[in-house]
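Spelled out, the chains give:
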Amino acid sequence: MEENKRAESSLVPGTAAGGDSSLQVFASQSNFESAQRMAQALASSTIVPVQFQNNVANCIIALEMANRIGASPLMVMQNLYVVHGNVGWSSKFLIAALNTCGRFSPLQYEQVNAGEMDSWRCRAWAIDKTTGAPLYGAWVSLRMAKDEGWYTKSGSKWKTMPELMLQYRAAAFFQRAYAPEISMGMRTVEELGEMAPAEVPALRGGVAAAPGSFDVAQLKSADDVNAALVRGQIGPEEAGALRARITRQQAAHDLAAALDRTFAPTPEGVAEEGLFAEK
């Protein structure tokens, strides 16, 4: 009983041994079993986003990510989005994570909004609490947004909210330079949305499928279905139906194989084996 309590507490942000909130899910079998129980409770909720509903595997991944960055699992789930088949963080969440990580002062923005709009620029900065020195991120300008193709992207907010988008991108640059572990190598939703599908690194198989072009016939196992669900290529209802179909197909295959072994012709002089072997 005491061992189970210790295992469960190590999965809660900020309560790991020695104050370390790093991931403990895969540290031991008991920890993994505790994570499974937590994931089952989360997967049964209708409050969590659809990519986590009825999907224990995705919830376990969310628990891992939450523990790595010391955040609430529900907060992590609510701020993970699938864009072009890849997972990204909301910029607001990354800014909040930077402000609460304890390593820096709250993020500040230096903005220059004078002259022509193309010259508008912004950079994020903060004080390193260890050294007391100011840390500056890279400058982001509207000219950069246009040159990189972000400004002209369909549905882009750069035209209607240029100052906010400058801050979001500046914060992402700062985070990537000084605390890349917070995002765990993932881009922001805004960055993913401004990239063409061909530019976005695929999670599996080398190619990110475009919406509406995904062929479910290529899903051969439950692991394949789970991967497609987290990419946003299929919905939770379709994923459930596909898992059931795969289970039925596997059961039929196993039964056919068993019958083949049972009724296979036995070479002369070799004792028969199987369900109907003569005694």
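Before reading further, recall that the structure is shown in the block above.
Reading guide: rules and limits
- Within each chain, residue numbers correspond to sequence positions counted from 1 in written order.
- pLDDT decides what is reported in this predicted model: residues at 70 or higher carry local features, side-chain atom pairs at 80 or more are listed and counted, and totals for whole chains, interfaces and linings draw on all residues regardless.
- As a convention, hydrogens and water are excluded, and side-chain values are obtained from all of the structure's heavy atoms.
- Secondary structure follows DSSP: runs of H or I at least 4 residues long count as helices, runs of E at least 2 residues long count as strands, and numbering of each begins at the N terminus.
- Each residue is placed in one exposure class: buried if its accessible area under a 1.4 Å probe, protein chains only, is under 20% of its type's maximum, exposed if it is over 50%, and partly exposed if it falls in between.
- Contacts: residue pairs with any heavy atoms within 4.5 Å of one another.
- Classification of ring pairs uses Phe, Tyr and Trp, with its six-membered ring standing for Trp, and accepts pairs whose centres are within 6.5 Å; under 30 degrees between planes counts as stacked, over 60 as edge-to-face, and the remaining range as tilted.
- Take a side-chain nitrogen of Lys or Arg and a carboxyl oxygen of Asp or Glu: if they are within 4 Å of each other, that pair is a salt bridge.
- The axes used here are C-alpha line fits, helices contributing only the stretch in contact, and every angle between their N-to-C directions lies in the interval 0 to 180 degrees.
- Orientation is classified from the angle alone, with under 35 degrees giving roughly parallel, over 145 giving roughly antiparallel, 65 to 115 giving roughly perpendicular, and any other angle giving oblique.
- We call a crossing left-handed when the near helix sits turned anticlockwise from the far one by less than a right angle, and right-handed when that turn is clockwise.

Caption draft 1: Quick peek at the overall build of the protein chain. Secondary structure summary: the protein chain contains 11 helices and 6 strands in total. With 279 residues in all, the protein chain has 37% of them scored as buried. Long-range contacts, defined as pairs at least 24 residues apart, comprise 51% of the intrachain contacts of the protein chain with a sequence gap of at least 6.

Caption draft 2: Structural view of the packing of aromatic side chains. Counted according to the given criterion, the structure contains 5 aromatic pairs. A centroid spacing of 4.8 Å and a plane angle of 45° characterise the contact between Phe174 and Tyr178, whose relative ring orientation is tilted. Here Phe174 pairs with Tyr178, and both are found in helix H7 (residues 162-178), just 4 residues apart, close to one helical turn. A relative accessible area of 0% places Phe174 in the buried class. Classification of Tyr178 as partly exposed rests on a relative accessible area of 27%.

Caption draft 3: Structural detail: the pattern of salt bridges. The full count for this structure, using the stated rule, is 5 salt bridges. Here Glu181 ties to Arg103 by a salt bridge, and the two come within 2.2 Å at their closest N and O atoms. In this pair, Glu181 is assigned in helix H8 (residues 180-183) and Arg103 in the loop between helix H5 (91-100) and strand E3 (108-112), connecting sequence segments 78 residues apart. Residues Asp118 and Lys146 are paired through a salt bridge, measuring 2.6 Å at the closest nitrogen-oxygen approach. Separated by 28 residues along the polypeptide, Asp118 in the loop between E3 and strand E4 (121-127) and Lys146 in helix H6 (residues 142-147) bring together distant segments of the chain. Taking the relative accessible area as the measure of exposure, Lys146 reaches 31% and is therefore partly exposed. Salt bridges here are not isolated pairs; linked through shared partners, they connect Asp118, Arg143, Lys146 and Asp147.

Caption draft 4: Local environment of the packing of helix H2 (residues 29-43) against helix H3 (residues 56-69). Here H2 crosses H3 at 115°, and the two axes come no closer than 8 Å. By the criterion of interaxial angle, the relationship of H2 to H3 is roughly perpendicular. Crossing of H2 over H3 shows right-handed handedness. Contact with H2, carried on its side by Phe32, Ala35, Gln36, Met38, Ala39, Gln40, Leu42 and Ala43, involves Val56, Cys59, Ile60 and Leu63 of H3 and no other residues of that element.

Function-wise, these values are silent; they only describe arrangement.
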